[in-house]
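These are the residues of each chain, in order.
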Amino acid sequence: MTRKKFYLVREDMLTEAMQKTLEAKALLESGKKRKINEAVHQVGLSRSAFYKYKDGVFPFHTMTKEKIITLSINLEDRSGSLSAMLATVAEAEANVLTINQTIPLQGRANITLSIDTATMSLEIDELVEKIESMEAVEKVELVGSGS
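Just so it is clear, the structure is predicted and the values come from calculations on it, not from any experiment. (Residues numbered from 1 in each chain as written. Predicted model: local features only at pLDDT ≥ 70, side-chain atom pairs only at ≥ 80, totals over all residues. Heavy atoms only, no water.)

A short note on the overall build of the protein chain
Definition in use: Under the scheme used here, helices are H or I runs from DSSP no shorter than 4 residues and strands are E runs no shorter than 2 residues, and both carry numbers assigned from the N terminus. We take the radius of gyration over the C-alpha atoms and set the globule estimate at 2.2 Å times the residue count to the 0.38 power. Accessibility here uses a 1.4 Å probe with only protein chains present; expressed as a share of the type maximum, an area under 20% marks a residue as buried, one over 50% as exposed, and anything in between as partly exposed. The accessible surface values rely on the Shrake-Rupley method and a 1.4 Å probe; as for residues, cover is taken only from the protein chains in view.
Scanning the protein chain for helices and strands turns up six helices and four strands. Ordered by position from the N terminus, the helices and strands of the protein chain form the series α-α-α-α-β-α-β-β-α-β. For a compact globule of 147 residues, the expected C-alpha radius of gyration is about 15 Å, and the protein chain comes in at 19 Å, more than 25% above that figure. For the C-alpha atoms alone, the extent of the protein chain along its principal axes is close to 55 × 35 × 25 Å. Going through the 147 residues of the protein chain one by one, you find that 30% of them count as buried. Looking at the protein chain as shown, the accessible area adds up to about 10000 Å², and 50% of this sits on carbon and sulfur atoms.

Shown next, in the form of structure tokens:
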């Protein structure tokens, strides 16, 4: 059996049928609709298109749930900035597994942060946005995910 390859694709690059499949799956998972026929009717998708894509298209957060993600964060060297960033992670109920910090050069340090997202109360993109919005944070990148 050949291994299947997976790709991370931006939402606006998906076909309309793929996007509607994701909407229908969300309706079913949330319990708002109990039957596939009801969900596809609400989003304006044929059942055949739903069945074509249902096992092949997933929201990013479902692929990373109960997994470890690694973030690379550029942080200004200020008193309390690392502590504030870790407090933001803790508020999201994420579990910090490892943290590595470079020696600050020219007023900046790089932080590599591995966290377990299983208990997280936010979506990963929401956590990244919260960290990025902090005054001392210059850049946040998701550099890896795995189990």
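What to know about helix α1 (residues 16–30)
Note the following rule: Multiply 1.5 Å by the residue count of a helix minus one, and that product is the helix's expected span. A contact between two residues is defined here by any heavy atoms of the two lying within 4.5 Å.
Its 15 residues place the ends of α1 21 Å apart at the C-alpha level, agreeing with the 21 Å of an ideal helix rising 1.5 Å per residue. Burial in α1 covers these residues: Lys 20, Thr 21, Leu 22, Ala 24, Lys 25 and Leu 27. At its buried positions, α1 is contacted by α2 (36–43) and α3 (47–53).

Some remarks on the packing of aromatic side chains
Here the distance between the centres and the angle between the planes together describe a pair of aromatic rings. Test applied: Classification of ring pairs rests on two measures: the distance between centres of Phe, Tyr or Trp rings, Trp counted by its six-membered ring, which must be within 6.5 Å, and the angle between planes, read as stacked under 30 degrees, edge-to-face over 60 and tilted in between.
On inspection of all chains with the given rule, the structure shows one aromatic pair. Ring centres of Phe 50 and Tyr 51 lie 5.7 Å apart, and the angle between their planes is 80°; on these two criteria the pair is classed as edge-to-face. Exposure remark for Tyr 51: the relative accessible area of 39% places this residue in the partly exposed category.

A few points about a nonpolar patch on the surface
Operational definition: Patch membership needs two things, relative accessible area over 30% and no salt bridge, and members are linked within 9 Å if like-charged or within 5 Å if nonpolar (Val, Leu, Ile, Met, Phe, Trp, Tyr). Whenever a carboxyl oxygen of Asp or Glu lies within 4 Å of a side-chain nitrogen of Lys or Arg, that contact is scored as a salt bridge.
Together, Tyr 7, Val 9 and Met 13 line one region of the surface with nonpolar side chains, adding up to about 380 Å² of accessible area. Positionally, Tyr 7 belongs in the segment before α1. Taking the relative accessible area as the measure of exposure, Tyr 7 reaches 67% and is therefore exposed.

Section: the packing of helix α5 (residues 81–91) against helix α6 (residues 124–132)
To keep things clear, this is the line we draw: Only the stretch in contact is used when a helix axis is fitted, and all axes are lines through C-alpha atoms; the angle between N-to-C directions ranges over 0 to 180 degrees. Orientation categories follow fixed angle ranges, with anything under 35 degrees roughly parallel, anything over 145 roughly antiparallel, 65 to 115 roughly perpendicular, and all other angles oblique. The hand of a helix crossing depends on one turn: near helix anticlockwise from the far one by less than a right angle means left-handed, and clockwise means right-handed. Basically, the charged four are Asp, Glu, Lys and Arg, the nonpolar ten are Ala, Val, Leu, Ile, Met, Phe, Trp, Tyr, Cys and Pro, and anything else, Gly included, counts as polar.
It is at 10 Å that the axes of α5 and α6 come closest, and there the two elements cross at 155°. Looking at the two axes, α5 sits roughly antiparallel to α6. α5 and α6 meet at a crossing whose hand is right-handed. Across the interface between the two elements, Met 85, Thr 88 and Val 89 from α5 touch Leu 127, Lys 130 and Ile 131 from α6. Residues of the contact of α5 with α6, tallied by class, amount to four nonpolar, one polar and one charged.

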